[in-house]
Amino acid sequence: MNKFYKAIKGTKVYAEYGEALIPYEAVAFEMNNAQRRQVEDATAEDLAKAFNESGEFDPEIFEALLEMAEMDEEEIDRDEAEIEIEKRLGVKIS
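Residues numbered from 1 in each chain as written. Predicted model: local features only at pLDDT ≥ 70, side-chain atom pairs only at ≥ 80, totals over all residues. Heavy atoms only, no water.

**Student:** It is not clear to me how the nonpolar core should be interpreted in this structure. Could you clarify?
**Tutor:** Generally speaking, soluble globular proteins have nonpolar side chains that are buried together. Grouped together as the largest cluster of nonpolar side chains are 20 residues, with contacts concentrated most on L47, I61, L65, I85 and I93. Counting only elements with at least two residues in this core, the list comes to α4 (44–53), α5 (59–68) and α6 (78–89). (Core = buried A, V, L, I, M, F, W, Y, C linked by side-chain atoms within 4.5 Å. Buried < 20%, exposed > 50% of the residue type's maximum accessible area, 1.4 Å probe, protein only. Helix = DSSP H or I, 4+ residues; strand = E, 2+ residues; numbered from the N terminus.)

Written out as structure tokens, the structure is:
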């Protein structure tokens, strides 16, 4: 599972992470319950923005986009997957 969260603005978690995506593992295993209430699910737009700004292919974010688009990584090659992700989620990735 490749799931990402983002911190809610104005919280202590936001002060620590800012606009960065927070991996599932950090939320599940490193944060206490109070901190978990200070995050929300990252949207397709959040993931696409991080993917595009990374400067290189990020397989974890790409896999999260595939999961969000309800696609199997094995069923399609990367170029076709990017087109299908854009169509299903309404985002632009490059």
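**Student:** Explain the packing of aromatic side chains here, please?
**Tutor:** Each aromatic ring pair is summarised here by two numbers: the centre-to-centre distance and the angle between the ring planes. Within this structure, the stated rule accounts for four aromatic pairs. Both rings, one in Y24 and one in F29, keep their centres 6.4 Å apart while their planes meet at 85°; by these two values the pair is edge-to-face. Since its relative accessible area comes to 65%, F29 is described here as exposed. For the ring pair F57 and F62, a centre distance of 5.2 Å and an interplane angle of 55° mean the geometry is tilted. Here F62 falls in the buried class, since its relative accessible area comes to 7%. Grouping aromatic residues by their ring pairs yields a cluster made of F51, F57 and F62. (Phe/Tyr/Trp six-rings, centres within 6.5 Å; stacked < 30°, edge-to-face > 60°.)

**Student:** Quick question: what am I supposed to make of the pattern of salt bridges here?
**Tutor:** If the charged atoms of two oppositely charged side chains come close together, the side chains can form a pair. What the rule picks out here adds up to eight salt bridges. The partner of K3 in a salt bridge is D41, and the shortest N-O contact between them spans 3.4 Å. Linking K3 in the segment before β1 (4–7) with D41 in strand β3 (residues 39–41), this pair joins segments that are 38 residues apart in sequence. Judged by relative accessible area, D41 falls into the partly exposed class, the value being 45%. (Salt bridge = Lys/Arg side-chain N within 4 Å of Asp/Glu carboxyl O.)

**Student:** I would appreciate a short explanation of the layout of surface pockets in the present structure.
**Tutor:** Take a probe with the size of a water molecule and roll it over the atoms, and the empty space left behind shows itself. As a volume, the largest pocket reaches approximately 200 Å³. Considering the residues around the largest pocket, the lining is formed by K6, A7, K9, Y14, G18, E19, L21, E40, D46, K49, A50 and E53. Taken together, the elements giving at least two residues each to the lining of the largest pocket come down to β1 and α4. The element that contributes the greatest number of residues to the lining of the largest pocket is α4, accounting for four residues. When its residues are assigned to classes, the lining of the largest pocket shows four nonpolar, one polar and seven charged. (1 Å grid on protein atoms, 1.4 Å probe; cavity = no way out; pocket = protein on both sides within 12 Å on 5 of 7 lines; lining within 4 Å. Points joined across faces, edges and corners; volume = space filled by probe spheres on them. Nonpolar A, V, L, I, M, F, W, Y, C, P; charged D, E, K, R; others polar.)

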